Amino acid sequence: MTSDQPSIAEMGRRLRTGAVTSVALTRDALARIEAHDSALHAFILVTTERALADARQADADLAAGHDRGPMHGIPYALKDIYDTAGIPTTCHSKLRQHHVPEQDSVVTARFSEGGAVLLGKLATHEFAIGGPSFDLPWPPSRNPWNTEHITGGSSSGSATAIASGMLRMATGSDTGGSIRGPAAWCGLAGIKPTYGRVSRRGVFPLSWTLDHCGPLARSVEDAAIALQVMAGHDKQDPASADVPVPDFRAGLQRGVAGLRIGIPRAFFAAAKMVTPEVLAAIDRTAHLLRDAGAMVEDVALPDYAIFAAAGRVIMLSEAFAIHRIDMQTRLLDYAEITAGRFVLGATITGPDYVDALRARRELTDAVNAVLMSCDALLTASSLTTAPRFDAVPDALSSLSPMQTIPFNVTGHPAMSVPVGLAADGLPLSVQIAGRPFDEPTVLRIARAIETIHLSRSAGEVAARSAAGEGAGA
Amino acid sequence: MSATPSETALAAEFDCLMARAGLTIPPARRAGYLVAFADLRSQIALLHTNHSATVEPSNVFRLSPMESAR
């Protein structure tokens, strides 16, 4: 899939020179949604009137010299676990099908204050965990690269909307990989910032100590711009970090020369599900980063299985605590997959949960120790490309193709960035993780990877054209 | 928690935990849940290492000083 929409930065430039209006951008986005969403199911609700009102306000503000920042006048959408005052926030669940919040989430409010244009609410796996499910009031999103394949989750509608070109950026949430997974399987940039960087207030929780809010976007720069709006301290979010917010775009073009990048190869190299193409993509990316001047070397981290066990125990325990009453009284109103996962949470004992939290401290210390001598880590986002709907791995199994949960457990910032296509025509990706609150370095490396792969792709297309071949998909 | 209980013991433990949690499991789903329970149990066993008592949970809370309202 490609998007012929200009980047967020370019849309911003055109808005400020008067070459385009926010109303025109919004009508264009609404037309794309109208054209594609009936087949892709990215949206639960399209807020057409709200979008046009936001756009008219954005145009009026700019005309009056009131510039609200980098998302001013830019269409975007929210995963439907972000509260929106007066607009239903369903969590893609029958249990909250008619829930209308009275207040915006902090992130929603920050986008509104920043002049962004809300296009609507996006599909998710139910309560950000249960999917893809066909036994809910709305169907699951489909992968625009091949609609027989899933998007990954849980920020499924966000990925579908961006990858199909409906918009450039949407919010996601990431408890075990729900931003980075769909980004990986749909060829997008998706960043889970450091735990505490973005307020979670007004976003329906899955697991308080693992939940992170962040953006999915068409490009690394788009993601950096969106994160700039989302980030900031919130005194009313107990996990919010009172740390300065840097300019996330400032270092994007600095390249990787001189950076030390570690590869925790044991995480993925011997994993049961890993494909040769994923391994080759990581090695190719490492090689290209070395060519660009980075020092890339293998590093050792604790066994991946310990990260996965700690993360799963924490997530399922906290999720069941949130859903206990509804599970006791309305279990059959949940999708079967969701209910099955929450049932597992009921089997975890208090000491098991505490052991997971003790492991978490040790795992975080271990990652920090490696990051004392490395600027960042390069690893897999996923062990495979997106599976078909009829070949999704067992939803209740501990086996997962995602390689994202370690950095939910430790809270480090981590980003998925695309690195080309596999033979099945679906996107491949890698994951970059960095030091706490060092999103700028993560974004800088991701931007370098994106640039290298885009230039390689352009070169390959030019070479094929010169050889008289088609440009391909 | 032992790592490999018998199927019967595992099922009894699962039923007990469901009763304790106040959950009513549809009979058609029980077999699948038992398989998933065994899988999770194996995963949890990985966390049962011999931690020193000094290894505290990650989310030990801390207080900040506060001012009197008077």
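Asks: Can you explain the overall build of chain A? Please cite residues and give values.
Replies: Helix and strand counts for chain A come out as 13 helices and 11 strands. In summary, chain A has a C-alpha radius of gyration of 21 Å against a globular reference of 23 Å for 473 residues, a match within 12%. Across its three principal axes, chain A shows a C-alpha extent of roughly 60 × 60 × 45 Å. The 473 residues of chain A split such that 58% are buried.

Asks: Help me get a handle on helix H1 (residues 7-21) of chain B, residues and values and all.
Replies: Residues separated by three or four positions in an α-helix point in the same direction, a consequence of the helix having 3.6 residues per turn. Between its first and last C-alpha atoms H1(B) spans 21 Å; for 15 residues at 1.5 Å apiece the expected length is 21 Å, and the two agree. Immediately downstream of H1(B), the backbone of B:Gly22 shows phi near 75°, a positive value.

Asks: Got a sec to walk through the interface of chain B and chain A? Specific residues and values, please.
Replies: Opposite the 26 residues of chain B that make contact, chain A presents 30 residues. Secondary-structure elements contributing two or more residues to the side of chain B that touches chain A are H1 and helix H2 (27-45) of chain B. Here the side of chain B that touches chain A is built from residues that sort into 15 nonpolar, 8 polar and 3 charged.

Asks: Can you explain the environment of A:Val23? Please cite residues and give values.
Replies: Residues and elements named next belong to chain A. Residue placement: Val23 occurs in helix H2 (residues 22-40). What makes Val23 partly exposed here is the crowd of 18 C-beta atoms within 10 Å. Residues Val23 and Gln57, 34 residues apart in the sequence, show an inter-C-alpha distance of 9.2 Å. Residue contacts for Val23: discarding those within four places in its chain leaves Leu52, Ala55, Arg56 and Asp59.

Asks: Run through the confidence of the model for chain B, naming residues and quoting values.
Replies: Chain-level statistics for chain B give a pLDDT mean of 91 and a share of 96% at 70 or above. Confidence estimates for the predicted assembly give a pTM of 0.95 and an ipTM of 0.93.

Cut-offs and rules
- Residues numbered from 1 in each chain as written.
- Chains lettered and ligands numbered in written order.
- Predicted model: local features only at pLDDT ≥ 70, side-chain atom pairs only at ≥ 80, totals over all residues.
- Helix = DSSP H or I, 4+ residues; strand = E, 2+ residues; numbered from the N terminus.
- Rg over C-alpha atoms; globule rule 2.2 N^0.38 Å.
- Buried ≥ 20, exposed ≤ 12 C-beta atoms within 10 Å, placed from the backbone.
- Expected span 1.5 Å × (residues − 1).
- Contact = placed C-beta atoms within 7 Å.
- Nonpolar A, V, L, I, M, F, W, Y, C, P; charged D, E, K, R; others polar.
- pLDDT = per-residue confidence, 0-100.

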